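# Examining the three-dimensional arrangement
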Amino acid sequence: YFAHAIATGTPLDTTVELTMQGTFRLGGAGKVQDYGMQARQILSPPREFVWIARMNRGAIHFSGSDGLHAGHGWTRFWMFRAIPLVQAAGSDDIDRAAAARPALEAIWAPASLLPANGAIWRQTGPDTARISFADTAANPIDMTLALDGRVTQIVTERWSDVNPAKVYRLQPFGGTLTAEATFSGFTVPTEMLVGNNFGTTDFDGFFGATITSATYR
């Protein structure tokens, strides 16, 4: 994996600023709709991120952010920059749910997955590994690799209330990665479909995105 993801001589930066575009699926019970999505993300795995997004469908548009900083998570979005849609923060459930993202998304900052930076690797099969991080609220992430070292699948157990009972519990969250590109010596996944209950018949692939740029520091 590291031989594929990090070119020889690349500075081992662990923070990345990403831009992305794609679709974000919202709704349920027969009211699902796809929205166009453009976003910017600052990611410092495995503990911090800010994802700033704009979404639109016809004349409807909304914007806001998800994030995790100093162990505290949030989701805040507004329609037309004025009407509050989601204002979630300040609870243990939100903090625990947010912790999954920077750990899972460490694939975009491969140097953050080096053992020297606190990642603990355990081989779980001929093409799979489980990676955990000390001193985080995130559960381990399970990674599947192709023979050349490409990441093809990523999944974790995420604290979530996206279920019929609407109660927080651990649920599989992840998806498939189908393309990659090289930015400043790092080769990372660039096309993905991820969502709740990955690997089950209830999989909801609500986030389909293409990474368009990655700047490391």
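Note: the structure precedes this text.
Residues numbered from 1 in each chain as written. Predicted model: local features only at pLDDT ≥ 70, side-chain atom pairs only at ≥ 80, totals over all residues. Heavy atoms only, no water.

### Observations regarding a nonpolar patch on the surface
On the surface, a cluster of nonpolar side chains totalling about 250 Å² of accessible area is made up of Ile60, Phe80 and Ile83. With respect to the helices and strands, Phe80 occurs in the loop between strand E5 (72-79) and strand E6 (83-89). With relative accessibility at 38%, the residue Phe80 sits in the partly exposed group. (Patch = residues over 30% accessible without salt bridge, like charges linked within 9 Å, V, L, I, M, F, W, Y side chains within 5 Å. Areas by Shrake-Rupley, 256 points an atom, 1.4 Å probe, with all protein chains shown as cover. Salt bridge = Lys/Arg side-chain N within 4 Å of Asp/Glu carboxyl O. Helix = DSSP H or I, 4+ residues; strand = E, 2+ residues; numbered from the N terminus. Buried < 20%, exposed > 50% of the residue type's maximum accessible area, 1.4 Å probe, protein only.)

### Notes on the packing of aromatic side chains
A full pass over the atoms with the stated rule returns 14 aromatic pairs. Between Trp159 and Tyr168 the ring centres are 6.3 Å apart and the planes differ by 20°, which places this aromatic pair in the stacked class. The buried category is assigned to Trp159, whose relative accessible area is 18%. Chaining the aromatic ring pairs together yields one cluster made of Phe24, Tyr35, Trp51, Phe62, Phe77, Phe173, Phe206 and Phe207. The aromatic ring of Trp159 is capped on one face by Arg96, whose charged end is 3.7 Å from the ring centroid. It is Arg158 that lies over the ring of Phe173; its NZ or CZ is 4.8 Å from the centre. (Phe/Tyr/Trp six-rings, centres within 6.5 Å; stacked < 30°, edge-to-face > 60°. Lys NZ or Arg CZ within 6 Å of the ring centre and 35° of its normal.)

### Digging into the pairing of strand E10 (residues 151-160)
The element E10 is largely enclosed, with a buried count of seven among its 10 residues. Examined bridge by bridge, strand E9 (residues 141-145) and E10 share five bridges and lie antiparallel to one another. From the neighbouring strand, Met143 faces E10, where its bridge partner is Ile154. With eight bridges joining them, E10 and strand E11 (residues 169-183) adopt antiparallel strand pairing. Paired with Arg158 across the two strands is Gln171, which belongs to E11. (Pairing = 2+ DSSP bridges.)

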